[in-house]
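Observations on chain architecture
These are the residues of each chain, in order.
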Amino acid sequence: MTTAPVTPTYDTMTVDLNRVDDAFHFAATGVSGVTLDIDGSLAIGGHNAGARPMEMLLMGLASCSAIDVIVILNKQKQVIRDFRLKVDGQREAGANPAPFKSIHITYLLTGDLDEAKVRRAIDLSMNKYCSATAQLRPTAEITWDLEIKS
């Protein structure tokens, strides 16, 4: 008996982008209904009225991983009093396009935390759960470190 091949199903995500001014200021709204401002740099005629697109990629990576790590640590009854990430992305200067070549994330946590559990949560996020990491990893080396304060 043969079985039919499994056809994958896909979740669809839609974003509306609307131009706000006569330059590069846009308002983007996703399925959540939340609107974000996006703009170009002053160097190209933008007005700094919003985040730049490549900044938003790093913000997406940071928040995707942060959500994973918090969910995992909450399940393990770890007490998080403060949670911050600092993300540094390196792009080739003058290249066009200029994808990120390396990205380094510093996880800065405060709380009653077991360091081994935090490291495991970060590893699971970076290597299994975070979709943003999966998107960026083909072009960028992604590394991380951790600082815990009690």
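One structure accompanies this document, and this report is about it. Because the structure is predicted, anything quoted here is derived from the model rather than measured. In every chain, residue numbers begin from 1 and rise along the written sequence. Local features in this predicted model are restricted to residues of pLDDT 70 or higher, and side-chain atom pairs are both shown and tallied only at a pLDDT of 80 or more, whereas totals for entire chains, interfaces and linings draw on every residue. Each side-chain value is derived from all of the structure's non-hydrogen atoms; neither hydrogens nor water enter the calculation.

1. With respect to the pattern of salt bridges
For this document, the term salt bridge refers to a Lys or Arg side-chain nitrogen within 4 Å of an Asp or Glu carboxyl oxygen. Under the defined criterion, the tally for this structure stands at five salt bridges. Among the salt bridges present, the one from Arg81 reaches Asp112, with a minimum N-O distance of 3.5 Å. Remark: Asp112 occurs in strand S5 (residues 100-112) and Arg81 occurs in strand S4 (residues 79-91); sequence separation between them is 31 residues. Only protein chains enter the accessibility calculation, which uses a 1.4 Å probe. A residue is then buried if its area is under 20% of the maximum for its type, exposed if over 50%, and partly exposed in between. Using a relative accessible area of 48% as the deciding quantity, one classes Arg81 as partly exposed. Between Arg120 and Asp123 there is a salt bridge, with its nearest N and O atoms 3.6 Å apart. With a gap of three residues between them, Arg120 and Asp123 both fall in helix H2 (residues 115-129), about one helical turn apart. Helix and strand assignments come from DSSP, with helices taken as H or I runs of at least 4 residues and strands as E runs of at least 2, each series counted from the N terminus.

2. Considerations on the packing of helix H1 (residues 53-75) against H2
Axes here refer to lines fitted to C-alpha atoms; in helices the fit is confined to the stretch in contact. Angles between the N-to-C directions go from 0 to 180 degrees. Look at H1 against H2: their axes get within 9 Å of each other, and the N-to-C directions meet at 135 degrees. Considering the angle they form, H1 stands oblique to H2. By crossing handedness, the relation of H1 to H2 is classed as right-handed. Between H1 and H2, the residues in contact are Ser65, Asp68, Val69, Ile72 and Leu73 and Lys117, Val118, Ala121, Ile122, Leu124, Ser125, Met126 and Tyr129, respectively. To sort the angles, those under 35 degrees are grouped as roughly parallel, those over 145 as roughly antiparallel, those from 65 to 115 as roughly perpendicular, and the leftovers as oblique. By the definition used in this description, the sense in which the near helix is turned from the far one sets the handedness, with an anticlockwise turn below a right angle giving left-handed and a clockwise turn giving right-handed. By the convention used here, residues are in contact when the closest approach between their heavy atoms is within 4.5 Å.

3. Concerning the packing of aromatic side chains
Ring pairs shown here join Phe, Tyr and Trp side chains whose ring centres sit within 6.5 Å, with only the six-membered ring taken for Trp; geometry is labelled stacked below 30 degrees between planes, edge-to-face above 60, and tilted in between. Counted by the stated rule, this structure contains one aromatic pair. Centroid distance Tyr107 to Trp144: 6.0 Å. Interplanar angle 85 degrees. Geometry classified as edge-to-face. Separated by 37 residues along the polypeptide, Tyr107 in strand S5 and Trp144 in strand S6 (residues 141-149) bring together distant segments of the chain.

4. Considerations on the side chain of Asp39
Secondary-structure assignment places Asp39 in the loop between strand S3 (35-38) and H1. For Asp39, which is buried and forms no salt bridge, the nearest opposite charge comes from Arg52, at a distance of 7.5 Å. Only four residue types enter the charge count: Lys and Arg as positive, Asp and Glu as negative, with His and the chain ends excluded.

5. What about the sheet that holds strand S1 (residues 16-19)?
At least two bridges found by DSSP between two strands are what make those strands a pair. Reading across the sheet, the three strands line up as S1-S2-S3 and stay open at both edges, with antiparallel pairing between neighbours. With one partner strand each, in any of the chains shown, S1 and S3 form the two edges of the open sheet. Each strand axis lies, on average, 25 degrees off the axis of its neighbour in the sheet, ignoring direction. With four bridges joining them, strand S2 (residues 26-29) and S3 adopt antiparallel strand pairing. Across the sheet, Phe26 pairs through a bridge with Ile38, a residue of S3.

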